[in-house]
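Letter by letter, the chains look like this.
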Amino acid sequence: MSKDKKGVKLEHISKIYKDPKTGKDFYAVKDTTLEIKPGSFVTLLGPSGCGKTTTLRMIAGFESPDEGEIYLCDEAINELTPNKRDTAMVFQSYALLPHYNVFDNVAYGLKLRKVPKDEIKEKVMKILDLVELSGMEGRMTNQLSGGQQQRVALARALVLEPSVLLFDEPLSNLDAKLRVSMRTEIRRIQQEVGITAIYVTHDQSEAMALSDEIIIMEKGIVAQKGTPEEIYYHPINEFVADFIGEANFLTGKVVSVDDKYAELEIENEKVKVMKKDGMNVGEDAKIVLRPEGGFLSDNRGIECEVVLSCFMGAYQNYHVKVGDTIVKLADYNPNIENVYKVGDKCKLAFEPESVHVL
Ligand code: ATP
């Protein structure tokens with residue numbers, strides 16, 4: 001498959017639905033502007049009902065936006081039906097044809113497009129090889145495992161050689177172990193084909209493992225777009241910080257600011273953090289501390305009490321009480337002799353670079 005890679009652009013897209021309970025209109029997606037780079041793997045991530053699937057279905061053409069315009073490369077595509085768009089969708093339910101074998105399922109879309117028989121055979125066999133199902137062409141789909149059925153669904157989308165591949169929670173019907181191996185497969189195939197991929201999930205580890213960029217949605221609005229690292233280390237607000245990974249929040253008063261650092265007073269203790277633009281002495285500031293970003297110490301940091309200390313193999317899991325707040329910590333490669341126990345009074349410390357000021 002060698003096609004020009006195409007990006008996707010959403011300009012001020014909105015979708016309005018009627019709430020069946022109240023009968024009132026509401027925005028399922030509101031004024032969304034996004035640019036998805038050609039050849040990139042982008043994930044729409046967010047809690048149930050935030051508008052991920054609606055956004056994906058508008059790109060596919062199964063729903064039409066009430067406001068705004070969608071572009072594939074530079075072509076406005078709002079008016080095109082799904083089969084006229086250069087996109088293909090892989091569904092959560094696989095949507096396979098139950099009375100057809102693997103070959104015919106994959107060949108179906110090409111037959112509809114009146115592709116010559118020889119060409120169909122060549123394309124189907126090549127794609128089955130790519131998804132590692134060679135030799136299975138004669139099997140009926142009900143004789144396949146869940147993972148194999150998902151590969152057929154993927155092959156069916158890929159064989160049409162779309163410029164953009166859309167995934168609607170494709171792995172949610174698989175068990176946890178298979179999900180992990182299939183997501184690696186999906187990433188391998190996407191990179192091999194060099195196709196643009198837009199993937200909907202509410203599973204943050206899936207999003208982190210797959211994506212060049214993650215788009216976090218909240219109540220129909222894009223909360224943040226960035227690489228997994230940007231989203232994890234520099235979340236824009238509490239919702240994003242809490243949605244990606246485990247996050248502790250601590251609030252303190254800004255007591256000094258210089259070119260690079262600021263000092264916060266938290267529970268009568270001064271701690272250093274990286275300065276944030278616009279930070280002023282006297283204001284309250286909230287910081288995000290990831291569990292692996294903090295550590296316990298006898299002599300530096302904020303006073304705390306250990307309320308949970310649990311050996312997890314690779315790390316020691318602590319919960320410590322700082323004032324009224326419980327802070328969760330993961331101490332990797334713990335030195336068994338220095339493990340703190342429940343009831344110990346100690347100090348919570350971190351490096352300025354390990355916390356993010358919201
Ligand atoms: P999930 O992870 O649960 O699939 P989602 O983020 O994909 O959620 P959407 O399916 O995009 O969410 O739905 C966004 C909102 O729009 C939800 O409140 C949903 O109930 C509502 N909605 C979706 N489709 C329709 C429809 N056809 N008519 C009315 N409301 C709808």
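How each quantity is defined
Residues numbered from 1 in each chain as written. Predicted model: local features only at pLDDT ≥ 70, side-chain atom pairs only at ≥ 80, totals over all residues. Heavy atoms only, no water. Core = buried A, V, L, I, M, F, W, Y, C linked by side-chain atoms within 4.5 Å. Buried < 20%, exposed > 50% of the residue type's maximum accessible area, 1.4 Å probe, protein only. Helix = DSSP H or I, 4+ residues; strand = E, 2+ residues; numbered from the N terminus. Contact = heavy atoms within 4.5 Å. Domains from an automatic or database assignment. Buried area = accessible area lost by both parts, 1.4 Å probe. Patch = residues over 30% accessible without salt bridge, like charges linked within 9 Å, V, L, I, M, F, W, Y side chains within 5 Å. Areas by Shrake-Rupley, 256 points an atom, 1.4 Å probe, with all protein chains shown as cover. Salt bridge = Lys/Arg side-chain N within 4 Å of Asp/Glu carboxyl O. Pairing = 2+ DSSP bridges. Phe/Tyr/Trp six-rings, centres within 6.5 Å; stacked < 30°, edge-to-face > 60°. Lys NZ or Arg CZ within 6 Å of the ring centre and 35° of its normal. Near = heavy atom within 4 Å. Polar contact = N/O pair within 3.5 Å; in protein donor to acceptor, adjacent residues only side chain to side chain. Nonpolar A, V, L, I, M, F, W, Y, C, P; charged D, E, K, R; others polar.

## Thoughts on the nonpolar core
In terms of nonpolar packing, the biggest core is built from 39 residues, with Val-124, Leu-154, Leu-158 and Leu-165 touching the most fellow members. Among the elements of the structure, strand 6 (87-90), helix 2 (102-112), helix 3 (117-130), helix 4 (146-158), strand 7 (164-168), helix 5 (176-193) and strand 8 (196-201) are those that each provide at least two residues to this core. With six residues, helix 4 is the largest single contributor of residues to this core. Other than its neighbours up to four places away in sequence, Leu-154 contacts Val-90, Val-131, Leu-165, Phe-167, Ile-186 and Ile-189. Within the second largest apolar cluster, 27 residues are counted, among which are Ala-262, Val-306, Val-320 and Leu-329.

## A word on the domain arrangement of the protein chain
On domain assignment, one finds that the protein chain holds domain 1 (8-242) and domain 2 (246-357). Summarising the inter-unit geometry, the C-alpha centres of domain 1 and domain 2 are found 39 Å apart. Each side of the interface is counted separately: domain 1 has eight residues, and domain 2 has seven residues. Carbon and sulfur atoms make up 45% of the surface buried where domain 1 meets domain 2, a total of about 730 Å² over both sides.

## Regarding a nonpolar patch on the surface
A surface patch of nonpolar side chains, about 300 Å² in accessible area, is lined by Tyr-100, Tyr-108 and Leu-112. According to the relative accessible area criterion, Tyr-100 is partly exposed, its value standing at 34%.

## Digging into the pairing of strand 17 (residues 315-322)
Every other side chain in a regular strand lies on the same face of the sheet, so the side chains alternate between the two faces. Counting buried positions along strand 17 yields six of eight residues, so the element is predominantly enclosed. The loop that links strand 16 (residues 302-311) with its antiparallel partner strand 17 comprises three residues; one of these, Gly-313, has a positive phi angle of about 90°. Two elements, strand 17 and strand 18 (residues 325-332), share eight bridges in a ladder whose sense is antiparallel. Within the sheet, the bridge partner assigned to Lys-321 lies in strand 18 and is Ile-326.

## Thoughts on the packing of aromatic side chains
In this structure the tally under the stated criterion is ten aromatic pairs. Between Tyr-100 and Tyr-108, the ring centres sit 6.0 Å apart and the planes meet at 75°, which makes this aromatic pair edge-to-face. Residue classification places Tyr-108 among the partly exposed positions, given a relative accessible area of 34%. Relative to Tyr-233, the ring of Tyr-232 has its centre 5.1 Å away and its plane inclined at 85°; by these criteria the two rings are edge-to-face. With relative accessibility at 14%, the residue Tyr-232 sits in the buried group. If you follow Lys-286 out to its NZ or CZ, it ends over the ring of Phe-249, 6.0 Å from the centre.

## Observations regarding the site of the ligand
Contacts to the ligand come from 13 residues, most closely from Ser-48, Gly-49, Lys-52, Thr-53 and Thr-54. In the environment of the ligand, an oxygen atom lies 2.8 Å from a nitrogen or oxygen atom belonging to the side chain of Lys-52. The side chain of Thr-54 places a nitrogen or oxygen atom 2.5 Å from an oxygen atom of the ligand. When contributions to the shell around the ligand are tallied by element, the ones reaching two or more residues are strand 1 (8-18), strand 2 (25-36) and helix 1 (52-60). If you tally residues by element for the shell around the ligand, the top one is helix 1, at three residues. Classifying every residue of the shell around the ligand gives five nonpolar, five polar and three charged.

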